[in-house]
Amino acid sequence: RSHPHEWYDMQGMGFGTTSTTSYGPFVENKNAQNFYMDYPKSVEAVVNKFYVDDYLDSTPTKEEACARLQEVINIQKKASFELCNIVSNNKIVMDSVSEELRAKEWKSLDFDNGEMPTGRILGLWWNQESDELQFRVNLNKVPNEILNGEMRPNKRELLRVVMAISDPPGFGATLVCQGKLLMQ
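Residues numbered from 1 in each chain as written. Predicted model: local features only at pLDDT ≥ 70, side-chain atom pairs only at ≥ 80, totals over all residues. Heavy atoms only, no water.

Caption draft 1: A look at the pairing of strand β4 (residues 124–127). Only one face of β4 is covered, namely the one carrying L124 and W126; the face carrying W125 and N127 has none of its residues buried. Two strands pair when backbone bridges link them, and strand β3 (residues 119–121) and β4 are joined in this way by three bridges, in the antiparallel orientation. Bridge pairing in β4 places G119 opposite W126. If you look at the hairpin formed by β3 and β4, you'll find two residues sitting between the two strands, and L122 has a positive phi there, around 55°. (Buried < 20%, exposed > 50% of the residue type's maximum accessible area, 1.4 Å probe, protein only. Helix = DSSP H or I, 4+ residues; strand = E, 2+ residues; numbered from the N terminus. Pairing = 2+ DSSP bridges.)

Caption draft 2: Structural context of the nonpolar core. Of all hydrophobic cores here, the largest spans 17 residues; its most connected members are V46, L69, V72, I73, I75, L83 and I86. Elements represented by at least two residues in this core include exactly α2 (40–48) and α3 (62–78). Element by element, the count of residues in this core is highest for α3, at six residues. The next biggest cluster of nonpolar side chains, apart from the first, holds five residues, and it includes M94, A103, L109 and F111. (Core = buried A, V, L, I, M, F, W, Y, C linked by side-chain atoms within 4.5 Å.)

Structure follows, in structure tokens:
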């Protein structure tokens, strides 16, 4: 305890360590704050609209969406974060994004033919036609008697149903929480 403190600078980030999940968002948010005076709404989007490495945002107009997306791309680029696999259900917004940043199935998309691939965002299914997020739950392993209400599930079967619902943003939290409360 009598020796002086030594300081180390981390030059790279290792994957798989327990703390890795906090480094990225910390650096991302810290970098974004540097641009608050120039792009306050885009900085707010970086801080509040990212879930780990997925960015999900909505704006009232296409023009605002294009501007915000370009600002977010530029803010992220300043910290060496490359926004990629970008998707939108709007042709104008997609045209504002360079092709190399678009998701693979969106690079040659023909909006004029009504061609819209199904996609997943934040663990949920996105219906681009109606612009709705949907849950798709695989209950193949749950006995039909339980699904029909003819039999009450045991704890393991209830857990299987509750854990089959992927909902990182928490949109279905009121439903999932009831199942989790039953587990307790």
